[in-house]
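One letter stands for each residue in the lines below.
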Amino acid sequence: MLSKKARAAWNRDLLLSLEQFGAEGSAAASYLRAHKTRIGFRKARASVGAFWTPFGALYFNALHYSSRMNPADARALTLLIHETKHLQQGLIAALSVYGELEAWQLQFSVYHRKTNEKMSPTIEALLALPLGWDRATLRRARELMQEHAGKGYRVDLLPLYPLGKEIRYRLWGKMP
């Protein structure tokens, strides 16, 4: 467990690294600072790298990350960008396949651009999907996410659209 002073120093170093991680990282760091977002570590299912809470906190999964990690680690920084996107989307949009697709595409496009690592065919297919309201595309995105993260990644429990749009679709059959 880190002392309050050590946690503040780690958080500062992480946000400085994020700020220097391109335009998306800089925007995420600005958002996190402006909202005084708590960033820490908590255990979660093994299929989860990081997560956000409705109270505006972000946590790295303690099964995979700790305060000993390099604050400039590209995988950790892009996870932070992903989770920050969810906070920006708001609770309703973030808890949808549409919101997940937007965050996954942001995370992996930035990661690939920064590391130039070869992507798996699953992630390449996910990045090739158009972000929009087509239900077949969103179902395909859900399949690809679980193919990549495993069935323990419960995106299958989320509605395809943000909840209000999903209800309207189910009642009237109209796409957003």
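Residues numbered from 1 in each chain as written. Predicted model: local features only at pLDDT ≥ 70, side-chain atom pairs only at ≥ 80, totals over all residues. Heavy atoms only, no water.

Here's the deal with the overall build of the protein chain
The following threshold applies: Labels follow the DSSP assignment, with helices taken as runs of H or I lasting at least four residues and strands as runs of E lasting at least two, numbered in each case from the N terminus. Accessible area is worked out with a 1.4 Å probe on protein chains only. A residue is then buried under 20% of its type maximum, exposed over 50%, and partly exposed in between. Here the accessible surface of atoms and residues is derived via Shrake-Rupley with a 1.4 Å probe, and residues count as covered only by protein chains that are part of the display. Positive charge is attributed to Lys and Arg, negative charge to Asp and Glu, and no charge count is given to His or to the chain ends. Where a charge lies is defined by one atom per residue type, namely NZ (Lys), CZ (Arg), CG (Asp) and CD (Glu).
Regarding its fold elements, the protein chain presents eight helices and three strands. When the helices and strands of the protein chain are read in sequence order from the N terminus, they spell out α-α-β-β-β-α-α-α-α-α-α. Principal-axis analysis of the C-alpha atoms gives the protein chain an extent of 55 × 35 × 30 Å. Across the 176 residues that make up the protein chain, the buried fraction comes to 43%. Put simply, the protein chain shows about 9600 Å² of open surface, and 55% of that area lies on carbon and sulfur atoms. Of the charged side chains in the protein chain, 26 are positive and 14 negative, and the gap between their average positions amounts to 8 Å.

Some details on the environment of Arg139
Along the chain, Arg139 turns up in helix 7 (residues 135-149). Judged by relative accessible area, Arg139 falls into the partly exposed class, the value being 40%. Between the C-alpha atoms of Arg139 and Ala74, which are 65 residues apart in sequence, the distance is 28 Å.

A short note on the sheet that holds strand 3 (residues 58-61)
Test applied: A pair of strands is labelled paired if DSSP reports no fewer than 2 bridges between them. Angular values range over 0 to 180 degrees, each being the angle between N-to-C directions of two axes fitted as lines to C-alpha atoms, with helices fitted over their stretch in contact. Here, residues are in contact when the closest pair of their heavy atoms is within 4.5 Å.
Pairing is mixed in the open sheet, where three strands are placed in the order 1-3-2. Edge positions in the sheet fall to strand 1 (39-42) and strand 2 (50-52), since each has one partner strand and no second. For this sheet the average axis-to-axis angle between neighbouring strands, irrespective of direction, equals 30°. Bridging between strand 2 and strand 3 involves three bridges; their strand directions are antiparallel. Bridging from a neighbouring strand, Ala50 pairs with Phe60 of strand 3. Sitting on the sheet, helix 1 (residues 4-19) touches strand 1 and strand 3, and the angle it makes with strand 1 is about 110°.

Quick notes on the nonpolar core
Heads up, the condition is: Side-chain atoms within 4.5 Å link the members of a nonpolar core, which is a set of buried Ala, Val, Leu, Ile, Met, Phe, Trp, Tyr and Cys residues.
Leu14, Leu18, Leu32, Ile39, Phe60 and Leu80 are the most contacted members of the largest nonpolar core, which totals 26 residues. Secondary-structure elements contributing two or more residues to this core are helix 1, helix 2 (22-34), strand 2, strand 3, helix 3 (74-89) and helix 5 (97-115). A total of seven residues in this core trace back to one element, the largest contributor, which is helix 3. When near neighbours in sequence (up to four residues on either side) are disregarded, Ile39 contacts Trp10, Asn11, Leu14, Leu15, Leu32, Leu58, Phe60 and Leu80.

Section: helix 7
Worth spelling out the cut-off: By definition here, a helix of n residues has an expected span of 1.5 Å times n minus one.
Between its first and last C-alpha, helix 7 extends 21 Å over 15 residues, near the 21 Å set by a 1.5 Å rise per residue. Here helix 7 has its buried residues at Arg135, Thr137, Leu138, Ala141, Arg142, Leu144, Met145 and Gln146. Here the buried face of helix 7 lies against helix 5, helix 6 (121-128) and helix 8 (163-172). A positive phi of about 100° marks Gly150, the residue just after helix 7.

Some details on the environment of Leu91
Here Leu91 shows up in helix 4 (residues 91-94). As for Leu91 and Pro54, which are separated by 37 residues in sequence, their C-alpha atoms are 6.6 Å apart. What Leu91 contacts, discounting residues up to four positions off in sequence, is Trp52 and Pro54.

With respect to unusual backbone geometry
Even without glycine at this site, Lys36 takes up a positive phi of about 50°. Within the fold, Lys36 resides in the loop between helix 2 and strand 1. Using a relative accessible area of 74% as the deciding quantity, one classes Lys36 as exposed. Even without being a glycine, Asn116 presents a positive backbone phi close to 60°. Classification of Asn116 by relative accessible area gives exposed; the value is 63%.

Geometric descriptors of this kind do not, in isolation, establish any biological role.
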